[in-house]
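Examining the three-dimensional arrangement
The residues making up each chain are set out below.
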Amino acid sequence: MSTARSTTLYPHPFSKAYWRDAVSELKSTRMLVFAALMIALRVAMKFLSIPLAPNLKINTAFLANALGAMVYGPVMASLCAVVTDILGYVLNPEGVYFVPFILTEVAGSLIFALFLYRVKITPARVMLSRFCICFFVNVLLQTPIMMWYYSLFMGGKSYVLTIPGIIKNLFMFPIESVVLTLFLTVILPITNRLGLTFGDRKVKETMKFSKKQLVLLGILFVFGIGCVGGYLTYYYQNTSLSSAYSTEERIAANKHTQTVILEQSDDWDDLTTVTVVESAYRPFLGSETTYTVAVYEVKEGVEVTDKLWELSKSKAAKNENLERIATVTFVLNEKTGEVTEYQAKAVK
């Protein structure tokens, strides 16, 4: 069943008429169809991201989320968020499905709707909506949910929101604000013509950043660049490169470290030993990698194949065909191939 939509714009969401219009969107066949399209688009875009740096990327799904919330309001946006979260897990079931994570999806959609639905869209509103999501949802709301998740499913490990996590959100805020503003500048004339939104026809003028806003974004961006530099420094100092190895990369790294070790020492035979990279740390923008490598002796009669070379630290320690005989730590200049530090310790 379809009903005529009100075209009223509101200065704020704190009125009965605002929420009455938001609820009425549920009765519109057109809005229901549009919501289904936004759900499909949002789920698809969850797998699309723009990489900026290691563990730092722009997830494009927030664009579809903002567009949908702007068109059909907070009530339907919240329902769509629930459906999107469930469908996203069904299509990509990683880990344990934890229902409270729905709250972050709902909160993000709700904030977008409260700032963008039935109002005159301006860069200030876009910036505020994105800031509220970065701070209130990604930091304040998600932290206790993650702590709860870790306590239940991560073997007693504790989750603590680190300074780099906060820095990452601060860095993403100005970038995502600009991206979202540019996106809405392009899409608003289309939604206005289709009768999906009811804003000013002079969108390009209303969506221009003021000088103060540009200065603020510039300051935030420069601050963000500094923050991300600190974040990447922390990331590289505390995250082993080996944790992200693919099977092929692990095989290559394990064989390469054996070559390096045998060049430094003739204590072991390359035909009867296998080396396993346990950790590999390289400073941000640095060229020297510090490797910690376990040296294993292959038991007699066992053939050395890629099945052994592809083993990680934990799997190698449990393999019955290997006996650990030493731990080697060395620093390798990746550009020159020179070993600047080397230390081997036999296992007693």
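Numbers given for residues are sequential positions, taken from 1 along each chain in its written order. With the structure being a predicted model, the display of local features is reserved for residues of pLDDT at least 70 and the display and counting of side-chain atom pairs for 80 or more, all residues being used for whole-chain, interface and lining totals. With hydrogens and water excluded, all non-hydrogen atoms of the structure serve as input to the side-chain values.

A word on the pairing of strand β4 (residues 288-298). Following DSSP output, two strands are said to pair if at least two bridges run between them. What counts as a helix is a DSSP run of H or I of at least four residues, what counts as a strand is a run of E of at least two, and both are numbered from the N terminus. Pairing between strand β3 (residues 273-281) and β4: eight bridges, direction antiparallel. Its bridge partner lying in β4, Tyr281 is registered against Thr290. Adjacent in sequence and paired antiparallel, β3 and β4 are bridged by six residues, among which Leu285 carries a positive phi angle near 65°. With 11 bridges joining them, β4 and strand β5 (residues 322-333) adopt antiparallel strand pairing. Residue pairing across strands places Val298 opposite Leu322, the latter belonging to β5.

Let's shift gears to the packing of aromatic side chains. Only centres within 6.5 Å qualify two rings of Phe, Tyr or Trp (six-membered ring in Trp) as a pair; their planes then separate them into stacked at under 30 degrees, edge-to-face at over 60, and tilted for everything else. Applying the stated criterion across every chain yields a total of 16 aromatic pairs. Arranged with centres 5.7 Å apart and planes meeting at 80°, the rings of Phe98 and Phe153 form a pair that is edge-to-face. Separated by 55 residues along the polypeptide, Phe98 in the loop between α3 (61-91) and α4 (101-116) and Phe153 in helix α5 (residues 123-153) bring together distant segments of the chain. Among the residues examined, Phe153 registers a relative accessible area of 36% and is labelled partly exposed. Through a chain of ring-to-ring contacts, three or more aromatic side chains come together here, namely Phe98, Phe101, Trp148, Tyr149, Tyr150 and Phe153. Above the ring of Phe62, the side-chain terminus of Arg130 is found at 4.7 Å from the ring centroid. The rule is simple: take the accessible area with a 1.4 Å probe, protein chains only, and divide by the maximum for that residue type; under 20% is buried, over 50% is exposed, in between is partly exposed. Placement of a positive charge over a ring is assigned whenever Lys NZ or Arg CZ falls within 6 Å of the ring centre and within 35 degrees of the normal to the ring plane.

With that settled, the discussion passes to the environment of Ile261. Residue placement: Ile261 occurs in helix α9 (residues 247-264). Owing to a relative accessible area of 1%, Ile261 belongs among the buried residues under this scheme. Whether two residues are in contact is decided by their heavy atoms: any pair within 4.5 Å suffices. Setting aside anything within four residues of it in sequence, one finds Ile261 in contact with Trp268, Thr275, Val293, Val295, Val328, Phe330 and Tyr342.

You can see Thr185 is positioned in helix α6 (residues 163-193). Take Thr185: its relative accessible area is 18%, and that puts it in the buried class. Polar contact criterion, stated in full: a pair of N or O atoms within 3.5 Å, where within protein one must be able to donate a hydrogen and the other to accept it, and residues adjacent in sequence count only if both atoms are side-chain atoms. Within the local environment of Thr185, its side chain forms a polar contact with the backbone oxygen of Thr181, the two atoms lying 2.7 Å apart.

Below, the discussion takes up the pattern of salt bridges. By definition here, a salt bridge exists when the distance from a side-chain nitrogen of Lys or Arg to a carboxyl oxygen of Asp or Glu is within 4 Å. Counted by the stated rule, this structure contains nine salt bridges. Here Asp21 ties to Arg118 by a salt bridge, and the two come within 3.2 Å at their closest N and O atoms. With Asp21 in helix α1 (residues 16-24) and Arg118 in the loop between α4 and α5, this residue pair connects regions lying 97 residues apart in the sequence. The same class applies to Asp21 as to Arg118, namely buried. Residue Arg42 pairs with Glu105 through a salt bridge whose shortest N-O separation is 2.5 Å. Here Arg42, found in helix α2 (residues 29-45), pairs with Glu105, found in helix α4; they are 63 residues apart in sequence, far enough to count as distant. A relative accessible area of 16% means that Glu105 is categorised as buried. Residues joined in a network through salt bridges with shared partners are Arg5, Asp21, Glu25 and Arg118.

Note that all results are geometric; they support no functional claim without further evidence.
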